[in-house]
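An overview of the molecular structure
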Amino acid sequence: MSGDTILSVDGLSMRFGGIVAVNDLSFDAGRRKITALIGPNGAGKTTVFNCITGFYRPSGGSIALTHDDGRTIQLERLNDFRISKQARVARTFQNIRLFPGMTALENLMVAQHNALMRASGLTFLGLIGAPSWRSAETRAIDLARTWLTRIGLLERADDAAGNLPYGDQRRLEIARAMCTEPALLCLDEPAAGLNARESAALSELLLSIRTELGTSILLIEHDMSVVMEISDHVVVMDYGVKIAEGTPQSVRDDPKVIAAYLGADEEEALAVMESGT
Amino acid sequence: MTASTLEKQPAPRASGAAFILKKATISALVALVLFSLMIGVRTEAGPQGGLIYWTRFGDLAAIVAAVFGGSIVVELLRQWWGPADRVRVVPPVVQNALSLAGRLLAPALLIFTFLVPVIFYDQRYILDLAILVLTYVMLGWGLNVVVGLAGLLDLGYVAFYAVGAYSYALLATNFGLSFWVCLPLAGILAAFWGVLLGFPVLRLRGDYLAIVTLAFGEIIRLVIINWQSLTGGPNGISGIPRPTLFGIPLTPGEDGLAARLGIEFSPTHRIVFLFYLILALALLTNWVTIRLRRLPIGRAWEALREDEVACRALGINTTTTKLTAFATGAMFGGFAGAFFATRQGFISPESFTFQESALVLAIVVLGGMGSQLGVALAALAMIGGFELFRGLDQYRMLVFGIAMVLLMIWRPRGLIGHRAPTVYLERNQAISSDLVKEGHG
């Protein structure tokens, strides 16, 4: 089991005072697979994300991350920046959080902070311009250039991130997360606000991240065309509990899922139905 | 000036004389209400202790008329100038000339600064003023690391200046250590206090951070005043050794520099030496800051200013990042403090009041947060400009205040508001200040 599972969430609960946002949630995310977490608004998806990425400390349950080398890290025991630094879990945000006053290239350089910090000898080697630091910086710029090429933003490398169009900002945020060289990439609604063409490009990017780089992906998404097209596994949440899971096909036909969407929001239910045909 | 901003349609002009007159009348009415008691009635204690008063309606009328006229002039100027968001298309020739001038400004200033002691050798007053300006340039560059780069609002920067000054004064007078040994020690001690301040304020943001740093500055000053046995309290410390040129004193004696070089002694030698000392220290601050900006730590500072949550998601330890910003800024403040002590030869708590913190912060904000050249220009304008208005006596502060208000109207993000990227692939283009965040503590 552990061989093909990268993330194992077991009995996860999150309470805010008397409100139970996530209740006894368990699911697994496969290695080199794309796992989608879907559900109506307010189902607790982003709360699960915040628990996994260390922004919240769960009230109960365990989140285990197993690396390729078999090392297992209990994410609920780490917090804050250590999730990204030690467990190598990267995330993006529902409302884009780039560094708007820095260039696209700089954004990708900041993402390589920990690797560069080591290379610069905690700044001291960098301050005197040691050759080892210079070569590390060149490598970092090369990695950033590779990602800018991959997301088609090489032309705009020196433009401020805040000046980029919305869709480009979304892709840049994903590239920034990937520059931390994560084992697991968590995307919070990456297709929100994108048009059909941009959504298709996004799907392509995510598939290439999974297939070519072998990075596992966990995503929250409302755009069912994206979910159905790229997911290997879908987990459906409603009111903080899991109501279904399985392949995109099986989830789409699950009456409980349809009911959840119908009960919550007619538009979203229609989206599920339509993408089924 | 990008293409997208050029396409912006100019907003319709506010129209007509009626509009201008209405605005001017309102301004005049406000002025009438404000000044009727402040200027219109004058009270004084009479010879018998009773209150006597008399009216000055003539003066009041003059002020209100001035406001009325001034309002019309300002409104006309504004209409002529166009709305604030309108982009004026500057001819490319002028643009190129301006950008060339902008690029040459910093080297020209630097060369001029190096030549100041040569040009003004006989003018002690100008040399002293130049040393003062450079001290504030250095303080501004030091605080710029904390406020401009890391976006942490620090109202107690003078505390580190004081720590540096007292470190040197106490080490030199009690243990006889030389300036060159004390200088790094003063920097290290100030950095240590910077970290100490950093710890309690890590969780605070914005206004709360500002208040705690303000309190920290006051605490240091009060401790210095009250710890009489160590610091001499309000009497301060006198007889602080003057700096030596690597062991050679700048005195008229046998072993002095002048005697060794076989030239006639002049007290100006020491002033010139102090000038180049503070220039070297300031340039060191500048060089280190520019280097740090291009290192991961500097980028992390700027990223922290832009978005702290995103920093955490990228695995950046925000705690150590903030602490290093505080420590680095404090260290430069400590260096400047040690220089201040050795220049004055006497220090007392009076030199380290909140006014100093406010002045340095004003320099950083006025210069454009994060811009090294802007901070230097602002220090020159603030300290030098203040001296320039000395002839105006009691109106000096008034003129100075008006100048600052005008500057903030025309350049709300400081003299140099745009941000230069730390790394680029093809084009090194400045980033508009509209996109750069100020930081939230």
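Quick caveat: nothing in here was measured; it's all calculated off a predicted structure.

A word on the overall build of chain B
A count of helical and extended segments in chain B gives 17 helices and four strands. C-alpha atoms of chain B, sized along the principal axes, occupy 80 × 80 × 50 Å. Looking at chain B as a whole, 37% of its 441 residues are labelled buried.

Brief notes about the overall build of chain A
Summing up its helical and strand segments, chain A has twelve helices and ten strands in all. On C-alpha atoms alone, chain A measures out to a radius of gyration of 19 Å, which is about the 19 Å that the 2.2 N^0.38 rule sets for 277 residues. The principal-axis extents of the C-alpha atoms in chain A amount to approximately 65 × 40 × 35 Å. Relative to its 277 residues, chain A shows a buried fraction of 50%.

A few points about the sheet that holds strand β3 (residues 34–38) of chain A
Residues and elements named next belong to chain A. Pairing in this open sheet of six strands is mixed, and the strands run β6-β7-β8-β3-β9-β10 from one edge to the other. Two strands lie at the open edges of the sheet, namely β6 (89–91) and β10 (241–246), each paired on one side alone. Each neighbouring strand pair of the sheet contributes to a mean axis angle of 20°, computed without reference to strand direction. Across the sheet, helix α1 (residues 45–52) is in contact with β3, β6, β7 (184–188), β8 (216–220) and β9 (233–238); its angle to β7 comes to roughly 145°.

Re unusual backbone geometry
Glycine aside, negative phi is the norm for most residues, and most peptide bonds take the trans geometry. Residue and element names in this part refer to chain A. A positive phi angle, close to 55°, is found at Arg88, a residue other than glycine. Checked against the element boundaries, Arg88 lands in the loop between α2 (82–85) and β6. According to the C-beta neighbour criterion, Arg88 is partly exposed, with 19 such atoms within 10 Å. We note that Glu181 has phi near 55°; this positive angle belongs to a residue other than glycine.

Brief notes about helix α6 (residues 131–150) of chain A
Residues and elements named next belong to chain A. Helix length check: α6, at 20 residues, gives a terminal C-alpha distance of 29 Å against a target of 28 Å (1.5 Å per residue), a fit within 8%. Within α6 the residues assigned to the buried category are Trp133, Ala136, Glu137, Ala140, Ala144, Trp147 and Leu148. Considered in projection along α6, the buried side chains sweep an arc of 120° and stay on one side of the axis. Exposed and facing more than 90 degrees away from the buried side of α6 are Pro131, Ser132, Ser135, Thr138 and Asp142. Those residues of α6 that are buried lie in contact with α3 (104–111), α4 (113–119), α5 (124–127) and α7 (166–178). Positive phi appears at Gly152, one or two residues downstream of α6, with a value of about 70°.

Digging into the interface of chain A and chain B
Taken together, the contact between chain A and chain B spans 33 residues of the former and 32 residues of the latter. Counting residues per element, the ones that place at least two in the side of chain A that touches chain B are α2, α3, α4, α5 and α6 of chain A. The element that contributes the greatest number of residues to the side of chain A that touches chain B is α3(A), accounting for five residues. Residue composition of the side of chain A that touches chain B, by class: 14 nonpolar, twelve polar and seven charged.

A few points about the sheet that holds strand β1 (residues 5–16) of chain A
Whether parallel or antiparallel, the strands of a sheet pair through hydrogen bonds between backbone atoms. Residue and element names in this part refer to chain A. Spatial strand order, β2-β1-β4-β5: four strands in an open sheet with antiparallel pairing. Two strands lie at the open edges of the sheet, namely β2 (19–30) and β5 (72–74), each paired on one side alone. For this sheet the average axis-to-axis angle between neighbouring strands, irrespective of direction, equals 20°. The pairing of β1 with strand β4 (residues 60–66) spans five bridges and is antiparallel. Counted as the bridge partner of Leu7 is Leu65 from β4.

Quick word on the packing of helix α5 (residues 124–149) of chain B against helix α11 (residues 268–293) of chain B
Residue and element names in this part refer to chain B. Their axes nearest at 9 Å, the elements α5 and α11 cross at an angle of 20°. Overall, the two elements α5 and α11 adopt an arrangement that is roughly parallel. The two elements α5 and α11 cross, and the hand of that crossing is left-handed. Its residues placed into classes, the contact of α5 with α11 shows 16 nonpolar, seven polar and three charged.

Here's the deal with the confidence of the model for chain A
Confidence along chain A averages 86 in pLDDT terms, with 93% of residues attaining 70 or more. Ranking the helices and strands of chain A by mean pLDDT puts α3(A) first, with 93, and helix α12 (residues 266–276) of chain A last, with 60.

Side note on the pairing of β10(A)
All names here are of chain A. In this sheet, β10 lies alongside β9 in antiparallel orientation, the contact comprising five bridges. Along β10, the bridge assignment pairs Val235 with Glu245. Taking the residues between adjacent antiparallel strands as the criterion, β9 and β10 are bridged by two residues, where Tyr239 takes a positive phi near 50°.

A few points about the packing of helix α7 (residues 179–201) of chain B against helix α14 (residues 318–344) of chain B
Residue and element names in this part refer to chain B. At their nearest, the axes of α7 and α14 sit 7 Å apart, and the two run at 140° to each other. Of the possible angle classes, the one that applies to α7 and α14 is oblique. In this structure, α7 meets α14 at a crossing whose hand is right-handed. Counted by class, the contact of α7 with α14 contains 17 nonpolar, eight polar and one charged residues.

Let's talk about the environment of A:Ala244
Residue and element names in this part refer to chain A. Tracing the chain through its elements places Ala244 in strand β10. Classification of Ala244 by C-beta neighbours within 10 Å gives buried; the count is 21. Considering only alpha carbons, one finds Ala244 and Lys256, twelve residues apart in sequence, at a separation of 7.5 Å. If we skip the residues at most four places from it in the chain, Ala244 touches Val236, Val251, Asp254, Lys256 and Val257.

Calculation notes
Residues numbered from 1 in each chain as written. Chains lettered and ligands numbered in written order. Predicted model: local features only at pLDDT ≥ 70, side-chain atom pairs only at ≥ 80, totals over all residues. Helix = DSSP H or I, 4+ residues; strand = E, 2+ residues; numbered from the N terminus. Buried ≥ 20, exposed ≤ 12 C-beta atoms within 10 Å, placed from the backbone. Rg over C-alpha atoms; globule rule 2.2 N^0.38 Å. Pairing = 2+ DSSP bridges. Axes fitted to C-alpha atoms, helices over the stretch in contact; angles between N-to-C directions. Contact = placed C-beta atoms within 7 Å. Expected span 1.5 Å × (residues − 1). Arc of directions from axis to C-beta. Nonpolar A, V, L, I, M, F, W, Y, C, P; charged D, E, K, R; others polar. Parallel < 35°, antiparallel > 145°, perpendicular 65-115°, else oblique. Left-handed = near helix turned anticlockwise from the far one by under 90°. pLDDT = per-residue confidence, 0-100.

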